[in-house]
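Residues per chain are reported as follows:
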Amino acid sequence: MTKILKVDPVTPDISVVREAASIIRNGGTVIFPTETVYGLGANALDEVATRKIFKAKGRPSDNPLIVHISDLDQLYDVCSNIPVIMERIAKKFWPGPLSVLLPKSERVADSVTAGLPTVAVRMPAHPVALSLIRESHVPVAAPSANLSTRPSPTSAKHAIQDLMGRVDAIIDGGETFFGIESTIVMLSEKGATVLRPGPYSPDELASAFGEVDVSVFAKGKPSDEALVPGMKYRHYAPLKPLLMVPDKETLVLVSEELFGAGLEHAVLCTSDVAGRVKGKSIILGQGEDLYEVARRLFSAMREFDESGLPFALVHTFPERGIGLAIMNRLKKACGGTVVARGSEAIRLLTKASRLAAESMHSM
Ligand code: TXA
Ligand code: MG
């Protein structure tokens, strides 16, 4: 049985938070909102509890979890040999959407780090998340609260769709603020390497870290030689094919072409081109505001799934600021392929629509 607990995202009722915290303390699982996406939490120091997370999500056991803390003292519980620079980093970016890989302490449950010597740690900025961790009196391990491979949940509704009946409680605190997961960094001698782009851009991070590299995997390189276990898995994906075209003009042309050929489809796009495409448009934002696109991205993927259409098109976004994170998630959702213009586009799209039609038959 999963209990749904509704709270105000800014001033959550403390008695409701305490109810959820007592579930965590007693070895249970609770889904809660963070400023990025919803997380599926359990006591990070309790091996039996953290295993429940992997089971509920269907997550491979070699893909480690992020540990969430509510104050800096907890950093010393979950890490050892903390580099001096962490104090400056924490002051500048925590609470906030930044996860840092640090040497793990003995106390962290083994399944959390999947046997790695490091643990990813972050202090979330969402009032509900902070209050839940504080009231639990333990660090909380939490991946995104979706079934493995599905888009991350940006509202309680998404988490309910995926995990109702598989966790002890879900705290409904409305929509998340960024809509895209935290930036993950690994400290290096000179500064840091971004392993997963997120709301904090490499430029912003440079102010405290020094030199900031972006891993080729974060830019969307196929990930057979993944640096991070999570990189090698299919991620953030709608159930049917999503195809990326290089720009908005190509999107309009391809959509017209498909319509002419009788191929129904959805189009994930900004509102400035929505009126010009022939497929069912699912709007990602007004155009210029990439934060708005980030907020809507995963819910647009779920809306596409619900549309029943066999495939969807999406255009690219500028890879700057949070756009780097948007493109990282989109490339993964598209299996890394950007469809070119003209005949190549039509060839790939015809193939994709045939595959989609076949998979509809087999469902
Ligand atoms: O915003 C977020 O980060 C959300 C919210 C809930 O905090 N969490 C989240 O967790 O996105 P998850 O599990 O969906 O993604 C965590 C990623 C995975 O790709 C995992 O492989 C990587 O972090 N990771 C965790 N610990 C690691 C470690 N010790 N070394 C390398 N990668 C690690
Ligand atoms: Mg995830």
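Structure shown above.
A quick note: this is a predicted structure, and the numbers were derived from the prediction, not measured.

Overview of the overall build of the protein
Looking only at helices and strands, one finds 13 helices and 15 strands in the protein. Sorting the 363 residues of the protein into buried and exposed places 56% on the buried side. Of all intrachain contacts in the protein linking residues separated by at least 6 positions in sequence, the fraction that spans at least 24 positions is 68%.

A few points about the pattern of salt bridges
Proximity of charged atoms lets side chains of opposite charge pair with each other. In total, this model carries 15 salt bridges according to the counting rule given. R122 serves as the salt-bridge partner of E35, at 2.8 Å between the closest nitrogen and oxygen. With E35 in the loop between β2 (30-32) and β3 (39-43) and R122 in strand β6 (residues 118-122), the pair connects residues that are 87 residues apart, well separated along the chain. Here E35 and R122 have matching classes, each one buried.

A closer look at the environment of A125
On the secondary structure map, A125 appears in the loop between β6 and α6 (127-136). On the basis of relative accessibility, which here comes to 32%, the residue A125 falls in the partly exposed class. Setting aside chain neighbours within four positions, we find A125 in contact with E35, P95, G96 and L130.

Considering the nonpolar core
For soluble globular proteins, the rule of thumb is that nonpolar side chains tend to be buried together. Of all hydrophobic cores here, the largest spans 46 residues; its most connected members are I31, W94, L98, L205 and F209. Once residues within four sequence positions are removed from consideration, W94 is found in contact with I69, L72, L75, M86, I89, V100, V121, R122 and M123. Counting residues in each nonpolar core, the second largest holds 27 residues, with L290, V293, A300 and V314 among its members.

With respect to the environment of K219
Relative to the assigned elements, K219 resides in the loop between β11 (211-214) and β12 (242-245). The partly exposed category is assigned to K219, whose relative accessible area is 44%. Among residues more than four places away in sequence, those in contact with K219 are V214, E319 and K331.

So, the site of ligand 1
Around ligand 1, a shell composed of 24 residues is seen, among which T36, R59, N63, H68 and S182 lie nearest. A distance of 2.6 Å is found between an oxygen atom of ligand 1 and a side-chain nitrogen or oxygen belonging to N63. Protein chains bury 96% of the 680 Å² of accessible surface belonging to ligand 1 in isolation. Of all the secondary structure elements, the ones that give two or more residues to the shell around ligand 1 are β4 (66-68) and β6. The element that contributes the greatest number of residues to the shell around ligand 1 is β6, accounting for 3 residues. For the shell around ligand 1, the per-class residue count stands at 12 nonpolar, 8 polar and 4 charged.

What counts as what
- Residues numbered from 1 in each chain as written.
- Chains lettered and ligands numbered in written order.
- Predicted model: local features only at pLDDT ≥ 70, side-chain atom pairs only at ≥ 80, totals over all residues.
- Heavy atoms only, no water.
- Helix = DSSP H or I, 4+ residues; strand = E, 2+ residues; numbered from the N terminus.
- Buried < 20%, exposed > 50% of the residue type's maximum accessible area, 1.4 Å probe, protein only.
- Contact = heavy atoms within 4.5 Å.
- Salt bridge = Lys/Arg side-chain N within 4 Å of Asp/Glu carboxyl O.
- Core = buried A, V, L, I, M, F, W, Y, C linked by side-chain atoms within 4.5 Å.
- Near = heavy atom within 4 Å.
- Polar contact = N/O pair within 3.5 Å; in protein donor to acceptor, adjacent residues only side chain to side chain.
- Areas by Shrake-Rupley, 256 points an atom, 1.4 Å probe, with all protein chains shown as cover.
- Nonpolar A, V, L, I, M, F, W, Y, C, P; charged D, E, K, R; others polar.

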